[in-house]
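# A structural walkthrough
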Number of protein chains: 2
Amino acid sequence: MGFKTIEQNIMRNNDAAAGQIRRLLAEKGVFAVNIISSPGAGKTALLENVCPFLKKDDIRFLVVTGDCFTSRDAERIDKLDLPVIQVTTGGACHMNAQIVARVLEEQDLDKLDLLIVENVGNLVCPSGFDLGEDVKVALFSTAEGEDKPLKYPMLVKEGGLAIINKTDLLEHLDFDVDFCVSSIKKINPGIRMIKTSCVTGQGIGDLTDWLKENIKIKKEKNR
Amino acid sequence: MGFKTIEQNIMRNNDAAAGQIRRLLAEKGVFAVNIISSPGAGKTALLENVCPFLKKDDIRFLVVTGDCFTSRDAERIDKLDLPVIQVTTGGACHMNAQIVARVLEEQDLDKLDLLIVENVGNLVCPSGFDLGEDVKVALFSTAEGEDKPLKYPMLVKEGGLAIINKTDLLEHLDFDVDFCVSSIKKINPGIRMIKTSCVTGQGIGDLTDWLKENIKIKKEKNR
């Protein structure tokens, strides 16, 4: 009986922190994405591929990786000499806005164009938690099967960009691309879609461009 | 502050229901597994491959599939004319013991040898909830990368069987099998391991045999 109240409090505290982050990032003109996927769908690999292009273009970004226990994702990004902060949730299944707020307190946001949150690998829980981001990115891997958007619709509904990753594996899989795409469009007709592969490089440029466009739009709003 | 109490209540209620299920299944000599993996790691496909062999051997089983919203998994198993019950959690990220208890109330357990729970696709939350099963099965897909056992150790720690699935994709992936296996063994030295593929059929016989052995052991305990 009490649970509902407590849960509402948790969400209220989260949403209050998310609201503060959103106002702060609007004020500073920082574009923020929150990338959500299953474990192993390729969030870190995509960042390893996209971030060097951002760096080359002098985009000032920060990656915040969320994991239950390890810091393996952050180590991978750090190895490429890219700015990253690891958050471990101690077993919790999602990032919350309070964690992100604490990370941002330590940052000079005047020197940032883009905040990338790589959420805990989980298609269910993270989509319910607003982190103050501009866009939730729903990332699916071809290896998971084409029905995952349909089975986990909350994330697609909340998302502004859907990525179908690991397209290099398509020739080895029984994966119905049209079904996947049309499921996503049915759940969220306005969502932008990009197909990517870190093996062939498909879509890496599109994703980089999408980020750069959105950074520009955010900066212009800020003027 | 109140949250801990409420959370403890939730776990207490779950564990009470799980205890009742465990006693009931012991009394009836029904072996129960709780299969946990990421979305799209291949839980349903494995059941589509293993269950027909169980049926051929006159093993009396029931599959209970848990999903956030859809009944797609149950439909796939039902299509093969295999006994299945779908549970939708309404967005919740795991099955709980109360749900399983309600399903079992409707069953004649004297006519059952094996209960298979296919949990919601999620590597984090389901491993915390005891469903009264004999064994938690930790299922990983090669497409997820070899570091997932290390990144989601709770499930491996709780598991009695670890499955590395989609071995047919190994030749197309940069997946370190030895690293994966040794991570699993390091977290849980006593865990049984089986490598499977629904494309080549690797390990399907081993998994079927493992289930049959355990059913036999459970029946013998019951005498």
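Everything quoted here is computed from the prediction, not taken from an experiment.

## Quick notes on the pattern of salt bridges
One pass over the structure, following the stated rule, counts 30 salt bridges over all chains. With its nearest N and O atoms 3.6 Å apart, the salt bridge here joins Glu158(B) to Lys136(B). With Glu158(B) in helix 6 (residues 153-158) and Lys136(B) in strand 5 (residues 135-141), this residue pair connects regions lying 22 residues apart in the sequence. Judged by its relative accessible area of 45%, Glu158(B) is partly exposed. When its relative accessible area of 5% is taken as the criterion, Lys136(B) is described as buried. A single network of salt bridges, built from pairs that share partners, joins Arg60(A), Asp113(A) and Lys219(A).

## Details of the sheet that holds strand 3 (residues 84-88) of chain A
One key point about sheets: their strands pair by backbone hydrogen bonds, in either a parallel or an antiparallel sense. Residues and elements named next belong to chain A. An order of 3-2-4-1-5-6-7 is seen for the seven strands of this open sheet, with the pairing classed as parallel. Only two strands of the sheet have a single partner each, and these edge strands are strand 3 and strand 7 (192-195). Adjacent strand axes in the sheet meet at a mean angle of 20°, parallel and antiparallel pairs treated alike. Relative to strand 4 (residues 114-118), strand 1 (residues 31-36) is paired through five bridges, and the arrangement is parallel. Bridge pairing in strand 4 links Asn 34 to Val 117. Running at roughly 140° to strand 1, helix 8 (residues 204-222) makes contact with strand 1, strand 4, strand 5 (135-141), strand 6 (159-165) and strand 7 of the sheet.

## As for the side chain of Lys148(B)
Assignment of secondary structure puts Lys148(B) in helix 5 (residues 148-151). Residue Lys148(B) is classed as buried on the basis of its relative accessible area, which comes to 6%. Excluding its chain neighbours within four sequence positions, the residues that come into contact with Lys148(B) are Pro39(A), Gly40(A) and Phe140(B).

## Digging into the sheet that holds strand 5 of chain B
All names here are of chain B. Pairing within the open sheet is parallel, and its seven strands lie in the order 3-2-4-1-5-6-7. Sheet topology places strand 3 (84-88) and strand 7 (192-195) at the edges, where each strand pairs with a single neighbour. Each strand axis lies, on average, 20° off the axis of its neighbour in the sheet, ignoring direction. The sheet contact formed by strand 2 (residues 61-67) and strand 4 (residues 114-118) spans five bridges and is parallel. In the sheet register, Thr 65 faces strand 4, and the bridge partner there is Glu 118. Strands strand 1 (31-36), strand 2, strand 4, strand 5 and strand 6 (159-165) of the sheet are contacted by helix 2 (residues 43-56), whose axis makes an angle of about 165° with strand 4.

## With respect to unusual backbone geometry
At Asp81(A), a position not held by glycine, the phi torsion is positive, near 60°. The exposure class assigned to Asp81(A) is exposed, which follows from its relative accessible area of 57%. Non-glycine residue Asp58(B) carries a positive phi angle of around 60°. One can find Asp58(B) in the loop between helix 2 and strand 2.

## Points about the packing of aromatic side chains
All names here are of chain A. Here the structure, examined in full by the defined rule, presents two aromatic pairs over all chains. Considering the side-chain rings of Phe 31 and Trp 210, the 5.9 Å spacing of their centres and the 70° angle between planes classify their relative orientation as edge-to-face. In this pair, Phe 31 sits in strand 1 while Trp 210 sits in helix 8, placing the two residues 179 residues apart along the sequence. For the residue pair Phe 31 and Trp 210, the accessibility class agrees, reading buried in each case.

## Examining the nonpolar core
Ranked by internal contacts, the top residues of the largest apolar core, which has 37 residues, are Val124(A), Ile184(A), Val124(B) and Ile184(B). Of all the secondary-structure elements, those providing two or more residues to this core are strand 5, helix 6 (153-158), strand 6 and helix 7 (177-187) of chain A together with strand 5, helix 6, strand 6 and helix 7 (177-187) of chain B. Beyond its immediate sequence surroundings of up to four residues, Val124(B) is in contact with Cys68(A), Gly91(A), Ala92(A), Cys93(A), Val120(A), Gly121(A), Asn122(A), Tyr152(B) and Met154(B).

## Considering helix 2 of chain B
Residues and elements named next belong to chain B. Along its 14 residues, helix 2 runs 20 Å from first to last C-alpha, staying within 8% of the 20 Å computed at 1.5 Å per residue. Every buried residue belonging to helix 2 is among Lys 43, Thr 44, Ala 45, Leu 46, Leu 47, Val 50, Cys 51 and Leu 54, and all of these are buried. At the exit of helix 2 stands Asp 58, carrying a positive phi of roughly 60°.

## Looking at empty space enclosed by the protein
Summed over the entire model, instances satisfying the criterion amount to five cavities of 30 Å³ or more. Its boundaries defined by the atoms lining it, the largest cavity holds a volume of some 120 Å³. Taken together, 14 residues make up the lining of the largest cavity; nearest its centre are Ile35(B), Leu47(B), Ile163(B), Leu207(B) and Leu211(B). Residue assignment for the lining of the largest cavity shows that the elements contributing at least two residues are strand 1, helix 2, strand 5, strand 6 and helix 8 (204-222) of chain B. Its residues assigned to classes, the lining of the largest cavity comprises 13 nonpolar, no polar and one charged. What the second largest cavity holds in volume is close to 90 Å³. Along the walls of the second largest cavity sit Val33(A), Ile35(A), Leu46(A), Leu47(A), Val50(A), Ile116(A), Val137(A), Leu161(A), Ile163(A), Leu207(A) and Leu211(A), which together make up its complete lining. At the level of secondary structure, the elements contributing two or more residues to the lining of the second largest cavity comprise strand 1, helix 2 (43-56), strand 6 and helix 8 of chain A.

Cut-offs applied
- Residues numbered from 1 in each chain as written.
- Chains lettered and ligands numbered in written order.
- Predicted model: local features only at pLDDT ≥ 70, side-chain atom pairs only at ≥ 80, totals over all residues.
- Heavy atoms only, no water.
- Salt bridge = Lys/Arg side-chain N within 4 Å of Asp/Glu carboxyl O.
- Helix = DSSP H or I, 4+ residues; strand = E, 2+ residues; numbered from the N terminus.
- Buried < 20%, exposed > 50% of the residue type's maximum accessible area, 1.4 Å probe, protein only.
- Pairing = 2+ DSSP bridges.
- Axes fitted to C-alpha atoms, helices over the stretch in contact; angles between N-to-C directions.
- Contact = heavy atoms within 4.5 Å.
- Phe/Tyr/Trp six-rings, centres within 6.5 Å; stacked < 30°, edge-to-face > 60°.
- Core = buried A, V, L, I, M, F, W, Y, C linked by side-chain atoms within 4.5 Å.
- Expected span 1.5 Å × (residues − 1).
- 1 Å grid on protein atoms, 1.4 Å probe; cavity = no way out; pocket = protein on both sides within 12 Å on 5 of 7 lines; lining within 4 Å.
- Points joined across faces, edges and corners; volume = space filled by probe spheres on them.
- Nonpolar A, V, L, I, M, F, W, Y, C, P; charged D, E, K, R; others polar.

Purely spatial values, then, with no claim about function.
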